[in-house]
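# Breakdown of the fold
The primary structure of each chain is shown beneath.
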Amino acid sequence: MSSEDVELEARLEEQEVFEPAASFVEGANVSDADIHDEFEENWPECWERAAELLDWEEPYEQVLDDSNPPFYEWFTDGTLNASANCLDRHLDERGDEAAIEWVGEPVDEDNVTLTYDELHGKVNETAAALRDLGVGEDDVVTMYMPMIPELPVAMLACARIGAPHSVVFAGFSADALATRMNSADSEYLVTCDGYYRRGDPLDHLDKANEGLSGVDHDTDAVVVDRLGRNGDDFGHDLGERQHDWGELMADHEGATVEPVDRDAEDMLFLMYTSGTTGQPKGVKHTTAGYLAWTAWTSRAVLDIEPEDTYFCSADIGWITGHSYIVYGPLALGTTTMMYEGTPDHPDRDRLWEIIEEYEATQLYTAPTAIRAFMKWGEEYPAGHDLSSLRLLGTVGEPINPRAWKWYYKHIGDEECPIVDTWWQTETGGMMVTTLPGVTDMKPGSAGPPLPGVDVQVVDTDGDEVEPGRAGYLTVNRPWPGMLRTLYDNDERFIEEYWAEYSDIDSDDPDDWVYFPEDGAKIDEDGYITVLGRVDDVLNVSGHRLGTMEIESAIVGVEGVAEAAVVGGDHPVKGEAVYAYVIVEDGQAESEAFRAEIVEGVEDAIGPIARPERVIFTPELPKTRSGKIMRRLLEDIANDDELGNTSTLRNPDVVDDIREVVQGD
Ligand code: WT7
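This section reports on the structure supplied with the text. Quantities reported herein were computed from a predicted structural model and do not represent experimental measurements. (Residues numbered from 1 in each chain as written. Predicted model: local features only at pLDDT ≥ 70, side-chain atom pairs only at ≥ 80, totals over all residues. Heavy atoms only, no water.)

## Notes on the sheet that holds strand β18 (residues 362-365)
Think of a sheet as strands paired side by side through backbone hydrogen bonds, with each pair either parallel or antiparallel. What counts, and what does not: Only when DSSP finds a minimum of two bridges between them are two strands counted as paired. In this description a helix means any DSSP run of H or I spanning at least four residues, a strand means any run of E spanning at least two, and both kinds are numbered starting from the N terminus. Here the axes come from fitting lines to C-alpha atoms, over the contacting stretch only for helices, and the angles between their N-to-C directions go from 0 to 180 degrees.
Spatial strand order, β5-β4-β17-β16-β18-β19-β20: seven strands in an open sheet with mixed pairing. This sheet does not close on itself; its edge strands, each paired only once, are β5 (112-115) and β20 (418-421). Across the sheet, the mean angle from the axis of one strand to that of its neighbour is 20°, orientation sign disregarded. Direction of pairing for strand β4 (residues 98-103) relative to strand β17 (residues 335-339): parallel, over a ladder of four bridges. Bridging across to β17, I100 finds its partner in T336.

## Points about the environment of A28
The criterion, for reference: Only protein chains enter the accessibility calculation, which uses a 1.4 Å probe; a residue is then buried when its area is under 20% of its type maximum, exposed when over 50%, and partly exposed in between. In this analysis, two residues are considered to be in contact whenever any of their non-hydrogen atoms come within 4.5 Å of each other.
Of note, A28 is situated in the loop between α1 (22-27) and α2 (35-41). A28 sits in the buried class, given a relative accessible area of 11%. Along the chain, A28 and V438 lie 410 residues apart, while their C-alpha atoms are 8.8 Å from each other. Here A28 is in contact with D303 and G437, once residues within four sequence places are set aside.

## What to know about the sheet that holds strand β24 (residues 528-533)
Taken together, the four strands give an open sheet; going across it, the order is β21-β22-β23-β24, and neighbouring strands pair in antiparallel fashion. This sheet does not close on itself; its edge strands, each paired only once, are β21 (455-458) and β24. The average angle at which neighbouring strand axes cross in this sheet is 45°, direction not considered. Here four bridges tie β21 to strand β22 (residues 470-475), and the two strands are oriented antiparallel to one another. Its bridge partner being in β22, Q456 is matched across the sheet by T474.

## Topic: the nonpolar core
Using the following cut-off: Here, the term nonpolar core denotes a set of buried Ala, Val, Leu, Ile, Met, Phe, Trp, Tyr and Cys residues that are joined through side-chain atoms within 4.5 Å.
If you look at the biggest cluster of nonpolar residues, it comprises 119 residues, and the most contacted ones within it are W47, L119, M143 and Y327. Once you skip the residues sitting within four places of it in the chain, Y327 turns out to touch A82, C86, M155, L156, A159, H165, L268, F269, Y290, L291, T294 and H322.

## Some points on the pairing of strand β19 (residues 391-395)
Remark: a regular strand shows side chains that alternate across the two faces of the sheet. The test is simple: If the strands point away from the viewer and the path from the first strand over the helix to the second runs clockwise, then the crossover is right-handed.
By the criterion of burial, β19 is predominantly enclosed, with five of the five residues buried. Residues of β19 alternate between two faces, with L391, G393 and V395 on one and L392 and T394 on the opposite face, all of them buried. The sheet contact formed by β18 and β19 spans four bridges and is parallel. Bridging from a neighbouring strand, Y364 pairs with G393 of β19. The pairing of β19 with β20 spans four bridges and is parallel. Each bridged residue has a counterpart across the sheet, and for V395 the counterpart in β20 is T421. Crossover β19 to β20 through helix α16 (residues 401-411) is right-handed.

## Structural notes on helix α17 (residues 490-497)
Note the cut-off: The arc under discussion is defined with respect to the helix axis, by the directions toward the C-beta atoms.
Of all the residues in α17, the buried ones are R492, F493, E496 and Y497. Burial along α17 is one-sided: seen end-on, the buried residues are contained in an arc of 105°. Seen from the open side of α17, the exposed residues pointing more than 90 degrees away from its buried face are E491 and E495.

## Examining the packing of aromatic side chains
Test applied: Pairs were defined over the aromatic rings of Phe, Tyr and Trp, the Trp ring being its six-membered one, requiring ring centres within 6.5 Å. Orientation was assigned from the angle between planes: stacked under 30 degrees, edge-to-face over 60, tilted for the rest.
Following the criterion strictly, the structure yields 33 aromatic pairs and no others. Arranged with centres 6.1 Å apart and planes meeting at 55°, the rings of W74 and F75 form a pair that is tilted. With respect to burial, W74 and F75 carry one shared label: buried. Ring plane angle 65° and centroid distance 5.6 Å describe the contact between F172 and W318, whose orientation is recorded as edge-to-face. Remark: W318 occurs in the loop between β16 (309-312) and α12 (319-331) and F172 occurs in the loop between β7 (165-167) and α8 (174-183); sequence separation between them is 146 residues.

## Topic: the side chain of D220
Condition: Any pair of nitrogen or oxygen atoms within 3.5 Å is treated as a polar contact; in protein, a donor-acceptor pairing is required on top of that, and neighbouring residues in sequence qualify only through side-chain atoms on both sides.
By secondary structure assignment, the location of D220 is in strand β11 (residues 220-224). Take D220: its relative accessible area is 9%, and that puts it in the buried class. A distance of 2.8 Å separates a polar atom in the side chain of D220 from a polar atom in the side chain of R241. Residues within four places of D220 in sequence aside, it is in contact with L133, E187, Y188, L189, R241 and H243.

## As for the packing of helix α18 (residues 547-555) against helix α19 (residues 591-604)
Stated formally: By definition in this entry, angles of less than 35 degrees are roughly parallel, angles greater than 145 are roughly antiparallel, angles of 65 to 115 are roughly perpendicular, and the rest are oblique. Note on convention: near helix rotated counterclockwise from far helix by under a right angle means a left-handed crossing. Clockwise means right-handed. Amino acids are sorted into nonpolar (Ala, Val, Leu, Ile, Met, Phe, Trp, Tyr, Cys and Pro), charged (Asp, Glu, Lys and Arg) and polar (every other residue, Gly among them).
As a packed pair, α18 and α19 sit with axes 8 Å apart at the nearest point and diverge in direction by 125°. With respect to α19, the element α18 is oriented oblique. The element α18 and its partner α19 pack so that their crossing is right-handed. Of α19, the residues touching α18 (which contributes I550, A553 and I554) are I597, G600, V601 and A604. Here the residues of the contact of α18 with α19 are counted per class, giving six nonpolar, one polar and no charged.

## Looking at a negative patch on the surface
Keep this limit in mind: Residues enter patches when they are more than 30% accessible in relative terms and free of salt bridges; like-charged ones are connected within 9 Å and nonpolar ones (Val, Leu, Ile, Met, Phe, Trp, Tyr) within 5 Å. For the accessible areas, the method is Shrake-Rupley and the probe is 1.4 Å, while residue cover comes only from the protein chains on display. Should a side-chain nitrogen of Lys or Arg be within 4 Å of a carboxyl oxygen of Asp or Glu, the pair is scored as a salt bridge. For the purpose of charge, His is not counted, nor are the chain termini; Lys and Arg are scored as positive and Asp and Glu as negative. By convention, the charge on Lys lies at NZ, on Arg at CZ, on Asp at CG and on Glu at CD.
There is a patch of like negative charges on the surface, built from D175, D206, E210, E558, E584, D585, E596, E599 and D603. Listing elements by their share of the negative patch, those giving two or more residues are α9 (205-213) and α19. Of all the elements, α19 adds the most residues to the negative patch, at three residues. Mapped onto the elements of the fold, E596 is located in helix α19. You can call E596 partly exposed: its relative accessible area is 42%.

So, in C-alpha cells, the structure goes:
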C-alpha cells in the first residue's frame, strides 16, 4: 500500500471463530483468562513477570524510566549477561540435553546436535578467540553467515564479551554487507566459505571478500569452513587478517570466558532493516528489555517449555531468527532447531520429514511458505506423522483465511492452535497475537494486542476509528522489547517512528505514540487485522524491502534514466517487485537490458529483491508537482481499476503503460 492510500478499504468478510482445543489449554503455560486485565491494572509493573524469567547479576531498580520519551529505559540499573542467561544457568539441569538440533541441507549430511554443555563450550572458546583478535566490549561484530551452527555460537560469544553483533542475511549482496559494516563502524566479520542451496555448493566467501573490499576501514575476518566438511570447497586462500575458524577454535580449546556484566540498557545487537529512504536503518536492541521480551513471548505465545523440540523455519539473518530461534528459546532452556536448506529440497516434504524425525512440538513459519505448501499439495504433509506438533505459528505478513485453514487442517490436524503474530524488527518480539491457551482465533486476524501492550487503530488525526473501518496501527505505550534508537541517529529514530502521531516537544510519555507504518482494522472484539505497510516498503515473502533502495539500484545501471518500483500481488510471495523503467536516449529496450537491470538489483541488494517484471515505459505518471503516483502503478501491476487520475500532469500515460504491461 502507498502513503496516498488513506482510505484503506477493509476486507470485511464474515469471520469464523476457532476455540483452542481443551487438551492444549490444559497444559498451556498461560491459561489465565484475566491476564489482559491483570496486566492493564498493574502496568508497567506487569513486566516484572518477563524480567523474572531472567537471571540478573544486579537486580534492577525501576521497571520503566519514562522521563525522557521516546528514549525509554527498562529495568534500570539491573545488570546481566545474555549468554549466561541462554547457557550457563541451564547447565545443571539441561547440560546433556540438546540446545540446538541442526539439520544440514544435504540429506546425507551428518546432522549436528549441540547439547547445552557443548554449546556452552563452543561459545566460550569462540568468545576467547574473538577477544584475542582484539574484540572488546561494545565493538560491533558483523556476521555474514547462512544457517550453520557457528552463527548462533558467534552471536552468543559476542553477547558473552559484551560485543554487539550485527547479522547480515547471507542472501544479501556484497554491497549490502559493505554498507552495513561501514554504517556500524564494524571492524570484525565472521563469515564462511560457502553453503548448500538445492543440492549444490554455493560460494559465499567471494561475496564476503568483495564486500570487505568496500569497507572503508581495516577489518579482521574469521572464516568458517562449512563446505570442507564434505570435502568440497572453492579452494579459497585466506587473505591477510583472515583467520580460519577451526584453527582459532583449536588454539582456544577448553578456554573459558567469564560472562561480562552488562547494563540492562547496553546494546545486545544491531539489525539493519529497510526503510523509505535508500539507507537501511540500524535498529538497536538492548540486553535486558529485548531478552525479557523474547523469553516472555516465547513462553506465553509459542508455549515453549524446556522439554520441547521447537522449530522455527526462519533464517537467523532476520529478526524472527534472532528472537525466536536463538534468544527466546535458549533463554527458556529448550531445544531449538535450525535447518540450513529450503523446504523443497530434495523434495517438497522436507520440513515434514524433519518434523517427523525430530518429533518437533511447535512450528513457526511464514504465510509465504504456507501458500507454497498449499500449492504443492496436501499429499506432502499427509505422508508424514506430524502428531508431535502442539502449536503452529505464523509471522511476516497477513495470512489469508484460506491459507490459515489449510495450515490448521493439514499441518495441525485441527488440534493445534495457530498464533498469527504481528510484530516488526523494531518491536523486538511479538505485539499482537492471540494467547494460545486463552484467546479464540479468527483466521486472517492476528488477534488482540498482547497483555500490557496498547495498540490502537487510528485515523490521520490519531483518533480511534470505528470497528470495521480501516486506519493506521499505533502503539500507545512503550514496551520492554522496543528498539531504543537507530544506530547513531536519534533524529531519524524520532522522525521515522514517532513524529507522525506524537507531540515531539513534550516530555509527557502520554504525548508519545509509536507508528509502525502499517494499515489495520479492528473488530468489535478488539481483534486486529493488519492490512499491510502504508509506507513505500514492500513485503516480499515476508521480507521487508524499501522501494527507494531498489529504485536507486536500478538507476545505478548505465542506460536507465528513471525508475519506479511498486509491489504487485503475487500468489506465493505476497508481493512481487514490479519495476517501471525509463531508458536513456539511445538505450535499447531489449531483453538483454532487462537482464542487466535484474542483475543490477541482485548486485546491489541480493536475489530477494529481484524484480519479477521490468516494464519499459516512456513516462511515469506524475502529479503536477512532479511526484510519481505509485498508487496508479500498483493498480496497473495488479490489473485493478485505476484510482483517481485527475491530479496527473500526464493522464494519458497510464493507459499507455497499461497496454505495455498487458501486451508483455
Ligand atoms: C512488517 C515487519 C516480524 C518479523 C518478520 C518481519 C508485516 C509482520 C505480520 C502479521 C500482518 C505482518 C508488517 C510489519 N507483518 N507480521 N502477523 N500480519 N503483517 O519483520 O521485516 O521488520 O517486517 O511485516 O507489515 O510492519 P520486518
